[in-house]
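Coordinate analysis (summary)
The residues making up each chain are set out below.
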Amino acid sequence: MEPYGTVSAQSQPLATIVTRMACSFGSPHARPLSPKRRRRNEKPVIAPSSLPNDVVEEIFLRFPVKALFRLKTLSKQWRSTIESQSFEERHLKIAERFHAHHPRVMVITEKDPLKLLPRPRPDADIGFRLFCLESGSLLSFILLNFPQSFANYIYVSGCCDGLFCVHSPRSQAMYVVNPATRWLRQLPPARFQILMQKATYRDWLDMKSVFHLAFVKANDYKLVWLYNSDKYNADALSPNEGVTKCEVFDFRANSWRDLTCTPSYRIFHGQIPACANGSVYWLTEPYNDKIEVVAFDIHAESFRLLPKIKPAIAGSDPMHIDMCTLDNGLCMSKREPNTLVQEIWRLKSSEDSWEKICTIDLLSCSSSRTQFRDEFYWDKQDLVNPSTPVALCKNKTILLSHRYSRGLLKYDPLTKSLASFYQRPLSRRKVSYFQSLISHI
Amino acid sequence: MSSKMIVLMSSDGQSFEVEEAVAIQSQTIAHMVEDDCVADGIPLANVESKILVKVIEYCKKYHVDEANPISEEDLNKWDEKFMDLEQSTIFELILAANYLNIKSLFDLTCQTVADMIKGKTPEEIRSTFNIENDFTPEEEEAVRKENQWAFE
């Protein structure tokens, strides 16, 4: 390592770097404002204390959230800066860029089964485990308690600017949470949750409703819940409802509103909505043996159908299909019931064609099947459902989840091998994630 | 094919000849080139030669050569080696990148410093940046308690 400067016998004025000076072209003899004298034998050092405030702020903007919270005790001014909306927004942009080079995955689970307590833990505790995608190492584990419990029906949205929506269709609990800052906000229940109260215990056992909702950002944040009209959510006050209903939560108004124009195709309950490229996507139930993809424009709040789906996918049983987001593009995959080979296609941003990005052949895997029994159930019924890609790794391996699985696996399509990434019972959601400071919406 | 060269002059009087295409990664220099005032060379009163050498090294590496593309992974490795410097040098690089308006270098240097100091206690950070603590002890304790989890 080179030493910064050299000590010379003669003392020379040392230019102190001061606040941004206008460039002095045209005046080659311009002198810096305050030269510092260097004493004999003293190494010249630029004191960080001479860094201007806005540069110090740029350094803090690159701190992880936990370290930033410690900085709140620095001084009143820094506390107010860190808590300001503009700092939060700039931090978010930087975090997004950082995530592109250091991708992370968040696994959300109900409770931490390793902690044995004298009494059973209420289901109002949710664990957030953060992993480094490339190395698989656990970066953090945060357990948060939600004042209202979830009656064991816990649904977690995808990550939106570092935030999640956690709700229960059964207990009417509805929250937005930022696991990095531990901030949470309880929201009023949707009409769906209120109307569902009339469902009996037996009803809940048989029920196949669309419980997942989407958490997105247009100019403001929104929750979008599209579901089928059925006897459970029938509202005596509005008898002529369409085939589907859609509720949107407006954070500013702190209330839900109903969209008037909703799709006339029933939505397939077993598919989590995918958010990509300014839209939210759902699968429909088959109509005349064909599936459609309903797309919702987040800004315009209007629905449309995707003009083109791969014919092989459109003609399939929706149980053999999966839809997800990879690198902000919509992906659809189908598992062939005979060969159990799964092909993944990604929609181009022009929405008029698809490109194949991966083929998954779990049965041909060199890794022992029983080794991964706990991650992926290998019963016939579960083999039918395709795996859900969670993220693409740098070396072209793909992180896989499964509808009924407990864990995550990394699949290498070149060598057709599997590697364990994470195994823990009862994970509710496994998604790509980056942390943010956002705590006021 | 000869490329256009410009001369950069450090605050301590050293001159460096650099390809214009490499130098204009600095928005500051790019504007001067546009305004056509580079004929006699560009004096950089805020940048010492020792730092300017590093800046030029960075800009040369990041000047995209279609014939020899570098993988992102290799660039990241190079960044790591490049930033293996003393803290005070990195601070000077931050200021130079800020003054010369080289976004990617500014990003890299700020991120490096952030990574170096993010584990420090608030007291240590206060003394590093000469920040005055205007909390009363009670107020400071209250803020700490409010965010106790961050200190564990």
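Residues numbered from 1 in each chain as written. Chains lettered and ligands numbered in written order. Predicted model: local features only at pLDDT ≥ 70, side-chain atom pairs only at ≥ 80, totals over all residues. Heavy atoms only, no water.

1. Topic: the overall build of chain A
To be explicit about the condition: Helical segments are the DSSP runs of H or I of at least four residues, strand segments are the runs of E of at least two, and each set is numbered from the N terminus. Any two residues whose heavy atoms approach within 4.5 Å at even a single point are treated as in contact. With residues, only the protein chains shown are counted as cover, and all accessible areas are computed by Shrake-Rupley using a 1.4 Å probe.
Assigned secondary structure in chain A consists of eight helices and 26 strands. Sequence-distant contacts, at least 24 apart, represent 53% of the contacts inside chain A between residues at least 6 apart. Total accessible area on chain A stands at roughly 20800 Å², and carbon and sulfur atoms take up 51% of it.

2. Observations concerning the overall build of chain B
Filter applied, for reference: What the globule rule says is 2.2 Å times the number of residues to the power 0.38, and the radius of gyration is computed from C-alpha atoms. Exposure classes here rest on a 1.4 Å probe applied to the protein chains alone. A residue is buried below 20% of its type maximum, exposed above 50%, and partly exposed in between. Asp and Glu count as negative and Lys and Arg as positive, but His and the ends of the chain are not part of the count. Lysine's charge is taken at NZ, arginine's at CZ, aspartate's at CG and glutamate's at CD.
Along chain B, the regular secondary structure elements total eight helices and three strands. For chain B, the α and β elements follow one another from N to C terminus as β-β-α-α-β-α-α-α-α-α-α. Taken over the C-alpha trace, chain B has a radius of gyration of 20 Å; the compact-globule value for 152 residues is 15 Å, which it surpasses by more than 25%. Each principal axis of the C-alpha atoms in chain B carries an extent, and together these give about 70 × 35 × 25 Å. Residues counted as buried form 50% of the 152 residues belonging to chain B. Restricting the contact set of chain B to residue pairs at least 6 apart, pairs at least 24 apart contribute 57%. Side-chain charges of chain B comprise 13 positive and 32 negative groups, with the mean position of each set lying 5 Å from the other.

3. Section: empty space enclosed by the protein
Residue and element names in this part refer to chain B. Rules: A cavity, in this analysis, means grid points on a 1 Å lattice covering only the protein atoms where a 1.4 Å probe fits yet has no way out; a pocket is instead an open set bounded by protein on both sides within 12 Å along at least five of seven lines, and a residue lines either one if it has an atom within 4 Å of a point. Grid points are joined across faces, edges and corners, and a volume is the space filled by probe spheres set on the points. Throughout this entry, Asp, Glu, Lys and Arg are counted as charged residues, while Ala, Val, Leu, Ile, Met, Phe, Trp, Tyr, Cys and Pro are counted as nonpolar. The remaining residues, Gly among them, count as polar.
Counted according to the given criterion, the structure contains three cavities of 30 Å³ or more. Each pocket or cavity is described by its volume, and for the second largest cavity that value is around 60 Å³. Along its surface, the second largest cavity is lined by L8, V18, V22, A23, S26, I29, L52, V55, I56, C59, L100 and I102. Of all the elements in the fold, those that place two or more residues in the lining of the second largest cavity are α1 (20-23) and α3 (49-62). The leading source of residues in the lining of the second largest cavity is α3, at four residues. Residues belonging to the lining of the second largest cavity are distributed by class as follows: eleven nonpolar, one polar and no charged.

4. Here we look at the confidence of the model for chain B
We apply this condition: As a per-residue measure, pLDDT reflects the predictor's confidence and takes values from 0 up to 100.
The predicted model of chain B has a mean per-residue pLDDT of 92, with 99% of residues at 70 or higher. Model confidence for the complex is summarised by a pTM of 0.84, with the ipTM given as 0.93.

5. Examining the interface of chain B and chain A
Threshold: Reported buried area values correspond to the accessible surface (1.4 Å probe) lost by two parts on association, with both partners' losses combined. When a carboxyl oxygen of Asp or Glu is within 4 Å of a side-chain nitrogen of Lys or Arg, the pair counts as a salt bridge. We define a polar contact as two N or O atoms separated by no more than 3.5 Å, with the added condition that, inside protein, one atom must be a possible hydrogen donor and the other a possible acceptor, whereas residues neighbouring each other in sequence contribute only through side-chain atom pairs.
At the interface, 51 residues of chain B touch 44 residues of chain A. The junction of chain B with chain A conceals about 4700 Å² of combined surface from both sides, 65% of it contributed by carbon and sulfur atoms. Here R79(A) ties to E146(B) by a salt bridge, and the two come within 3.1 Å at their closest N and O atoms. There are eleven residue pairs in polar contact (both at pLDDT 80 or more) connecting chain B and chain A. Class assignment of the residues belonging to the side of chain B that touches chain A gives a composition of 23 nonpolar, ten polar and 18 charged.

6. Focus on the sheet that holds strand β10 (residues 214-217) of chain A
Residue and element names in this part refer to chain A. Stated formally: Here the rule is simple: two strands pair whenever DSSP picks up at least two bridges between them. Angles run from 0 to 180 degrees between N-to-C directions of axes, and those axes are lines fitted to C-alpha atoms, restricted for helices to the stretch in contact.
With antiparallel pairing, the four strands of this open sheet are ordered in space as β10-β11-β12-β13. In the strand order of this sheet, the two ends are held by β10 and β13 (255-258), each with one partner. Recorded for the sheet is a direction-independent mean angle of 30° between the axes of neighbouring strands. Pairing analysis gives four bridges linking strand β12 (residues 244-250) to β13, with the strands arranged antiparallel. By the bridge assignment for β13, V248 is matched with R257.

7. Description of the environment of V143(B)
Within the secondary structure layout, V143(B) lies in helix α8 (residues 137-146). In this structure V143(B) touches K72(A), T73(A), R79(A) and F135(B), once residues within four positions along its chain are discounted.

8. Points about the packing of aromatic side chains
Note the following rule: Working definition: rings of Phe, Tyr and Trp (its six-membered ring) pair if their centres are within 6.5 Å, and the pair is stacked with planes under 30 degrees apart, edge-to-face with planes over 60 apart, and tilted otherwise. Working rule: Lys NZ or Arg CZ, within 6 Å of ring centre, within 35 degrees of ring normal, means a charge sits over the ring.
Going through the model one piece at a time under the given rule, you end up with 34 aromatic pairs over all chains. Centre to centre, the rings of F215(A) and F251(A) are 5.9 Å apart; their planes meet at 25°, and the pair counts as stacked. Remark: F251(A) occurs in the loop between β12 and β13 and F215(A) occurs in strand β10; sequence separation between them is 36 residues. For F251(A), a relative accessible area of 7% puts it in the buried group. Clustering of aromatic rings is evident, with ring pairs tying together Y153(A), Y155(A), F192(A), W204(A), F211(A), F215(A), Y221(A), W225(A), Y227(A), F249(A), F251(A) and W256(A). Looking at R144(B), its charged tip hangs above the ring of F151(B), at a distance of 4.1 Å from the centre.

9. Observations concerning the packing of α3(B) against helix α4 (residues 72-82) of chain B
All names here are of chain B. For clarity, the cut-off: Working definition: roughly parallel below 35 degrees, roughly antiparallel above 145 degrees, roughly perpendicular at 65 to 115 degrees, and oblique for all remaining angles.
One way to put it is that α3 packs onto α4 with a least axis distance of 12 Å and a crossing angle of 175°. If you check the angle between α3 and α4, you find them roughly antiparallel. Contacts between α3 and α4 pair K54, E57, Y58, K61 and Y62 from the former with L75, W78, D79 and F82 from the latter.

10. Some thoughts on the sheet that holds strand β21 (residues 354-360) of chain A
All names here are of chain A. Strand order in this open sheet of four strands is β18-β19-β20-β21, and the pairing throughout is antiparallel. Two strands lie at the open edges of the sheet, namely β18 (321-326) and β21, each paired on one side alone. Strand-to-strand twist across the sheet, computed as the mean angle between neighbouring axes with direction ignored, equals 25°. In this sheet, β21 lies alongside strand β20 (residues 342-347) in antiparallel orientation, the contact comprising six bridges. Paired with L347 across the two strands is W354, which belongs to β21.

11. Some words on the nonpolar core
Grouped burial of nonpolar side chains is what soluble globular proteins tend to show. We count it as follows: Here, nonpolar core refers to any group of buried Ala, Val, Leu, Ile, Met, Phe, Trp, Tyr and Cys residues whose side-chain atoms link them within 4.5 Å.
In this structure, I59(A), F60(A), F63(A), F164(A), L8(B), V55(B) and F129(B) are the most contacted members of the largest nonpolar core, which totals 85 residues. No other element matches the nine residues that helix α5 (residues 87-100) of chain B contributes to this core. Setting aside residues up to four positions removed in sequence, F63(A) forms contacts with L68(A), L71(A), H91(A), A114(B), I117(B), K118(B) and I125(B). In this structure, A190(A), F251(A), I267(A) and I298(A) belong to the second largest nonpolar core, which totals 47 residues.

12. Points about the pattern of salt bridges
The final tally for this structure, using the stated rule, is 26 salt bridges over all chains. For D107(B), the salt bridge is made with R62(A), and the minimal N-O distance between the two is 2.6 Å. With one member in each of two chains, D107(B) in helix α6 (residues 103-117) and R62(A) in the loop between α1 (53-60) and α2 (65-71) form a pair that bridges those chains. Of the charged contacts in the structure, one is a salt bridge between R97(A) and D107(B), with a shortest N-O distance of 3.0 Å. Taken as a pair, R97(A) in helix α4 (residues 85-101) and D107(B) in helix α6 lie in two separate chains rather than in one. If you follow the salt bridges from partner to partner, you end up with E57(A), E58(A), R62(A), R90(A), R97(A) and D107(B) in one network.

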